[in-house]
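Chains, contacts and geometry: an overview
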Amino acid sequence: MKKYRIRWDRIAMLLAAVAAFCMAVYYIIIGIMSLFSWIASFFGGMTWCPEEKERKETPKHITQEQRDEALHMKERIDSFMALPTRLEKEKISISIYDLTTQQYIYAYQQDKLFPPASCMKIPTAVAALKTLGVNHRLTESLQIRGEIVNDTLFGNLLLRADADPLLISLDALTAKARQEGIKHIKGNIYLNLAHRDRLTAHPSAKTWDIPFNKTPLLLKGENVVRRNLMASLHRAGITYRHDATQKPNGKYRCIAASAHRMTDAMIPMMRNSSNIMAETILYNLDHKQGRLKDNMTNYAIRHGHEDFWRTVFAADTTYNMDAFIFNDGSGLSPDNRLSARMLTDMLRYTYSEKAVYDYLVGYALASPSGERRGSLLTRLSHPDYRNRIFCKTGTMTTRGVSSIAGYLEGSDGHWYIFTIMNDDSPVAEARIYQDKLLKMMMKKKQ
């Protein structure tokens, strides 16, 4: 009987060929998607900005025609909700408010508490923008105390830094220190960091939700920042020799500084749903309000965004604020609980704060137009919806959560605030359901 010998080298070559073929197909698909993305961006027009389109103020007098239009929209939504669906109706929550007539036009289980997933970033962003200011900056600086003799600093070098998620490297700061004439440091190097430990997700979230390799430098912990500072000084041509006897008097003076706008961190947070940016912004809010001990992450405290919204809704006796759960700023915690009505009311409040509203709608919220698509990349992409919907999406596949909330222009010309939440449901089907409802509201009459 003829024996066959397994040719492992040929099998290896075959597997390599299959792998190469799969990689080629993958990159071809990515290339096609990039091409369509570029075409959509090119023909979709420029990014919408507040300067390009005036904010529509609510009319002081509501006409009967506008009331009739709102009633017609409610009837259309009623008809949509009567259609059969494979989703369980008790797992759906909807709240829709007409900004034109200043009234809720539709509510379906709107007070039911669901995990909001990444729609939790809405209360985080609004609280930070209103509390810290739209123009708030996150800064870092190198400061010295002592004397520079020839090219040697006899004294202390201090790195002072906010929890800035946009700082990639300390090299620009150390290069400026070198330009100040410092080649050697004989004394001490200190760090004064607003965030001293590593940024982590809420204990109820998955440990890998905020991976260390993607965590910004200033949020990786004090030891990592110190090592990076020492390496950066070395690259700048500055040597350091510790000398504990150097105890200079006087005040520190700044020799190098940089800053980033907090709003620049909110764009990836809101458009692309960056959890790291969201938790960092919540951390900065807590830190600026003096809620944190020793500048360390603490999810056990009541956070700044929760207290902010407790104040906003203090006069609304229909809310039992103790029932809502604000575990984090990103929505990673599956134990977070908000209602569709609360998210809609948060967006109503935002609309009343012009500077906050103009920033969110003008820049940060996702919209099916060009580079602003973010988490809407595969959703609501028809040209008819461009510049007519601005929203935040949320997804938690491990629990079957899908949510979407924002502003849209209806087919009747009214602007609406909407929130749709699905819990314990197939995420793909929930998204299709949400999109159908929103498209129905925006679809122009033929």
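What comes next concerns the included structure. (Residues numbered from 1 in each chain as written. Predicted model: local features only at pLDDT ≥ 70, side-chain atom pairs only at ≥ 80, totals over all residues. Heavy atoms only, no water.)

Of all seven residues in strand S1 (residues 92-98), seven are buried; the element is thus mostly enclosed. Sheet analysis places S1 next to strand S12 (residues 415-422), joined by seven bridges and oriented antiparallel. Bridge pairing in S12 places Ile96 opposite Phe418. The pairing of S1 with strand S2 (residues 103-108) spans five bridges and is antiparallel. (Buried < 20%, exposed > 50% of the residue type's maximum accessible area, 1.4 Å probe, protein only. Helix = DSSP H or I, 4+ residues; strand = E, 2+ residues; numbered from the N terminus. Pairing = 2+ DSSP bridges.)

Now for the packing of aromatic side chains. Counted by the stated rule, this structure contains 12 aromatic pairs. Between the aromatic rings of Trp309 and Phe313, the centroid separation amounts to 5.6 Å while the plane-to-plane angle is 25°, which identifies the pairing as stacked. A single burial state applies to Trp309 and to Phe313, both of which are buried. Each ring, one from Phe313 and one from Tyr319, has its centre 5.0 Å from the other, and the planes form 45°; the classification is tilted. No difference in accessibility class separates Phe313 from Tyr319, as the two residues are buried. Aromatic ring contacts, followed pair by pair, group Phe308, Trp309, Phe313, Tyr319, Phe324 and Tyr349 into a single cluster. (Phe/Tyr/Trp six-rings, centres within 6.5 Å; stacked < 30°, edge-to-face > 60°.)

What follows concerns the nonpolar core. The biggest cluster of nonpolar side chains holds 49 residues, and the ones touching the most others in it are Met266, Trp309, Phe326, Met342, Leu360 and Tyr407. Contributing elements (two or more residues each) for this core: helix H3 (121-132), helix H6 (262-271), helix H7 (275-288), helix H8 (304-312), helix H9 (340-352), helix H10 (354-364), strand S11 (401-409) and S12. One finds Met73, Ile420, Leu438 and Met441 within the second-largest nonpolar core, a separate group that totals 28 residues. (Core = buried A, V, L, I, M, F, W, Y, C linked by side-chain atoms within 4.5 Å.)

What follows concerns the sheet that holds strand S5 (residues 152-161). Across the sheet, five strands lie side by side as S7-S6-S5-S4-S8; this open sheet has mixed pairing. One side of each edge strand has no neighbouring strand; the edge strands of this open sheet are strand S7 (239-242) and strand S8 (253-261). Averaged over neighbouring strand pairs, the angle between their axes works out to 30° when direction is ignored. Direction of pairing for S5 relative to strand S6 (residues 184-193): parallel, over a ladder of 10 bridges. Looking at S6, one finds that Ala161 is bridged to Leu193. Those strands touched by helix H5 (residues 222-235) are strand S4 (137-149), S5, S6 and S7, and its axis lies near 145° from that of S6. (Axes fitted to C-alpha atoms, helices over the stretch in contact; angles between N-to-C directions. Contact = heavy atoms within 4.5 Å.)

It is worth spelling out the state of the cysteines at this point. In protein structure, a disulfide is the covalent linkage between the sulfur atoms of two cysteines. What the rule picks out here adds up to zero disulfides. You can see Cys119 has no disulfide; the closest cysteine sulfur is in Cys391, sitting 8.3 Å from it. (Disulfide = S-S within 2.5 Å.)

A few words on the sheet that holds S2. Sheet architecture is open: five strands sit in the order S2-S1-S12-S11-S10, paired in antiparallel fashion. Each having just a single partner strand, S2 and strand S10 (389-396) make up the two edges of the open sheet. Strand after strand, the sheet turns through a mean of 5° between neighbouring axes, direction not considered. As paired strands, S11 and S12 are joined by eight bridges and run antiparallel to one another. Note on S12: the bridge partner recorded for Ser403 is Met421. Contacts between helix H2 (residues 64-82) and the sheet are confined to S1, S2 and S12, with S2 contributing the most and set at about 10° to the helix.

Generally, phi is negative for residues other than glycine and the peptide bonds are trans, each holding for most cases. Even without a glycine there, the phi angle at Asn295 is positive, about 55°. Note that Asn295 resides in the loop between H7 and H8. The backbone of Asp424 sits at a positive phi, close to 50°, despite the residue not being glycine. Judged by its relative accessible area of 48%, Asp424 falls in the partly exposed class.

On to the environment of Lys436, then. As for its placement among the helices and strands, Lys436 is situated in helix H11 (residues 427-442). Classification of Lys436 by relative accessible area gives exposed; the value is 51%. Distance from Lys436 to Phe80, taken between C-alpha atoms, is 8.8 Å for residues 356 residues apart in sequence.

Across its 12 residues, H3 extends 16 Å between first and last C-alpha, which sits within 8% of the 16 Å expected from 1.5 Å per residue. The buried fraction of H3 is high, at 10 of 12 residues. Within H3, the full set of buried residues consists of Lys121, Ile122, Pro123, Thr124, Ala125, Val126, Ala127, Ala128, Leu129 and Leu132. (Expected span 1.5 Å × (residues − 1).)

This next bit is on the packing of H2 against H11. One can describe the packing of H2 onto H11 by two numbers: an axis separation of 10 Å at closest approach and a directional angle of 150°. The angle between the axes of H2 and H11 places the two elements in the roughly antiparallel class. For the crossing formed where H2 meets H11, the hand is right-handed. Residue-level contacts link Met73, Arg76, Ile77, Phe80 and Met81 of H2 to Tyr433, Lys436, Leu437, Met440 and Met441 of H11. (Parallel < 35°, antiparallel > 145°, perpendicular 65-115°, else oblique. Left-handed = near helix turned anticlockwise from the far one by under 90°.)

Time to look at the environment of Asn336. Within the element layout of this structure, Asn336 appears in the loop between H8 and strand S9 (338-339). Judged by its relative accessible area of 0%, Asn336 is buried. A polar contact of 2.7 Å, which involves the side chain of Asn336, links it to the backbone nitrogen of Asn327. (Polar contact = N/O pair within 3.5 Å; in protein donor to acceptor, adjacent residues only side chain to side chain.)

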